[in-house]
Amino acid sequence: MKRPSPEPNPHVAAMSAYVPGEQPQGGGWVKLNTNENPYPPSPAAIEALRTAAGDAGSLLRLYPSPDASPLREAAAKAHDFPAGRVVAGNGSDDLLNLLIRAYAGPGRPVGMLDPSYSLYPVLAAAQGAAVIKVPISDDLDFDDARVADCGAAVFFLTNPNAPLGVSFTSARIAALAGRFPGLLVVDEAYAAFSDDDCVSLARDLPNVVVTRTLSKGHALAGLRAGYALCPEEVASVLHRVRDSYNLDRVAQAAAAAALLDDAWLRRTVASVNGTRARMVAALTAIGWRCVPPHGNFILAEPASARRPASSETSAHAFEFLKSRRILVRRFPGHRLTERCLRVSVGTDAEADAFLAAAREWSAEG
Ligand SMILES: *Cc1c(COP(=O)(O)O)cnc(C)c1O
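Notes on the structure follow. Quick caveat, the model's predicted, so the values are computed rather than measured. Residue numbering note: each chain is counted from 1, following its sequence as written. A pLDDT threshold of at least 70 governs which residues receive local features in this predicted model, and a stricter bar of 80 or more applies before side-chain atom pairs are shown or counted, although totals over entire chains, interfaces and linings include all residues. The basis for the side-chain values is all heavy atoms of the structure; hydrogens and waters are excluded.

Under the DSSP-based scheme used, a helix requires at least four consecutive residues in state H or I and a strand at least two consecutive residues in state E, with every element numbered from the N terminus. Broken down by element type, the protein chain carries 13 helices and twelve strands. Projected onto its principal axes, the C-alpha coordinates of the protein chain cover approximately 65 × 60 × 50 Å. The classification of residues rests on relative accessible area computed with a 1.4 Å probe and restricted to protein chains. Under 20% of the type maximum is buried, over 50% is exposed, and intermediate values are partly exposed. Within the protein chain, the proportion of its 365 residues that are buried is 52%. For this analysis, residues touch if any pair of their heavy atoms sits within 4.5 Å. Taking the contacts inside the protein chain whose residues are at least 6 apart along the sequence as the reference set, 74% of them involve residues at least 24 apart. As presented, the protein chain carries roughly 16,000 Å² of accessible surface, and 54% of it is formed by carbon and sulfur atoms. Of note, the protein chain has its 37 positive side-chain charges centred 4 Å away from the centre of its 38 negative side-chain charges. Computed with a 1.4 Å probe, the accessible areas rest on the Shrake-Rupley method; for each residue, only the protein chains presented here act as cover. Charge assignment: positive for Lys and Arg, negative for Asp and Glu; neither His nor the chain ends contribute. Charged groups are reduced to one reference atom each: NZ for lysine, CZ for arginine, CG for aspartic acid, CD for glutamic acid.

Another aspect to go through is the environment of Pro302. Relative to the elements of secondary structure, Pro302 occurs in the loop between strand E10 (297-301) and helix H12 (311-323). Pro302 sits in the buried class, given a relative accessible area of 0%. Sequence separation between Pro302 and His316 is 14 residues; the distance between their C-alpha atoms is 9.3 Å. For Pro302, the contacting residues outside a window of four places in its chain are Trp288, Ala309, Thr313, Ser314, Ala317, Arg339, Cys340, Leu341 and Trp361.

The buried fraction of strand E7 (residues 208-213) is high, at six of six residues. Judged by which residues are buried, E7 turns out to be covered on both faces: Val208, Val210 and Arg212 on one side and Val209, Thr211 and Thr213 on the other are all buried. DSSP-based pairing: two strands are paired if at least 2 bridges between them are found. Pairing between strand E6 (residues 183-187) and E7: four bridges, direction parallel. When the sheet's bridge partners are listed, Asp187 is paired in E7 with Thr211. You can see the chain leave E6, run along helix H8 (residues 199-204) and come back into E7, and the turn it takes is right-handed. Seen with its strands pointing away from the viewer, a crossover is right-handed when the path leading from the first strand over the helix to the second is clockwise.

Nearness of a residue to a molecule or strand requires only that one of the residue's heavy atoms be within 4 Å of it. The environment of the ligand is made up of Gly91, Ser92, Asp93, Tyr117, Thr158, Asp187, Ala189, Tyr190, Thr213, Ser215, Lys216 and Arg224. Pairs of N or O atoms are called polar contacts if they sit within 3.5 Å, as long as, within protein, a hydrogen donor faces a hydrogen acceptor (for residues adjacent in sequence, only side-chain-to-side-chain pairs). At a separation of 2.9 Å, an oxygen atom of the ligand approaches a polar side-chain atom of Lys216. Within the side chain of Arg224, an N or O atom sits 2.7 Å from an oxygen atom of the ligand. Isolated, the ligand exposes 390 Å² of accessible area, and the fraction of that covered by the protein chains is 93%. Asp, Glu, Lys and Arg are counted as charged, while Ala, Val, Leu, Ile, Met, Phe, Trp, Tyr, Cys and Pro are counted as nonpolar; the rest, among them Gly, fall into the polar class. For the shell around the ligand, a count of residues per class yields three nonpolar, five polar and four charged.

This part is about the sheet that holds strand E9 (residues 289-290). Across the sheet, three strands lie side by side as E9-E10-E12; this open sheet has antiparallel pairing. Every other strand in the sheet has two partners, leaving E9 and strand E12 (341-344) as the edge strands with one partner each. Strand direction decides the pairing type here: E9 and E10, joined by two bridges, are antiparallel. Residue pairing for E10: Arg289 is matched across the bridge by Glu301.

Let's shift gears to the packing of helix H4 (residues 92-103) against helix H5 (residues 119-126). Viewed as axis vectors pointing N to C, H4 and H5 meet at an angle of 45°, and their least axial separation amounts to 9 Å. Comparing the axis directions of H4 and H5 gives the class oblique. For H4 against H5, the interelement crossing comes out right-handed. On H5, the residues that touch Asp93, Leu96, Asn97 and Ile100 of H4 are Leu119, Tyr120, Leu123 and Ala124. Along the lines of polarity and charge, the residues of the contact of H4 with H5 split into six nonpolar, one polar and one charged. Structural elements are reduced to axes, namely lines fitted to C-alpha atoms, with helices fitted over the stretch in contact, and the angle between N-to-C directions of any two is expressed from 0 to 180 degrees. Any angle from 65 to 115 degrees is called roughly perpendicular, while one under 35 is roughly parallel, one over 145 is roughly antiparallel, and all others are oblique. Take the far helix as the reference: if the near one is turned anticlockwise from it by less than a right angle, the crossing is left-handed, and if turned clockwise, right-handed.

Printed below as a string of structure tokens:
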């Protein structure tokens, strides 16, 4: 007789896994569903990863820098931030997890805006922490007092917000940090595409952490590298709970080189933001309302003469685009996103393919 599987912790037995966007493995897709950068990464990063592996991979025998010092030094230089207060992670998801592991748990809830990144509740559940959601209103704003008084030990403020694309000013977040007694984590995954950021708050305030990723702005999602800019005490706490070698040798070197290639970043962000403006104009012209974007994605509400904006219309447009092998993302679980599609900004050719299909849908719709 088969023995039953041993029981995990009760809070783990009760939780569900994060559901990532579809990652089709075959070719032939215009993939605009997970906000990857459409351009190849900095050539300096690729050169650095080859060098880091050594001749015939000889350097891969050796453990990497335990605290990812090449990456931390480069991030410090890029942001004019003390290197000793930069903590590197295996993607910024690793840092979000470490922050929850160190600051949240039973009786120490995690706070977040709703909607925002759906990974936070999964990481909270894994540590047995409750989640407090502060709603974003229909005019895409939130009540500062509700965040300040929500009672969370750690609050995640995704800025620019994903999936909405709105951005909240650093001046406002500074004021909020003064009123909120817990740790305020500003998840700046999309900061490269925005014209404001909270780095100076992490530099000056005792309770603000900024997390960054190399996945979006630097086109290195496949590498898994991110970092947190922290107050001194927080950095020391995160070093205690992280894995001893949480970032591999190749990722450390490539991420460091990418962070130092400022010309590549400026050029690429200018291209993405130019295509983004063109996509918004074209969608608006066919009657798809768009949230003014601040990341490398657009939240748009499909509508046509026959089909007014609704959750069903968004599902219909999604399937139509998919039949043309164009993959976008739907978030049907929230009133602010159910009528919408989230479309990553691609190359100009990808944008044209998407826009042609969107026009075709609107005309037939
Ligand atoms: C993409 C994304 C991340 C994850 O970044 P990784 O470095 O790839 O783990 C974190 N937060 C938000 C809001 C994101 O959209």
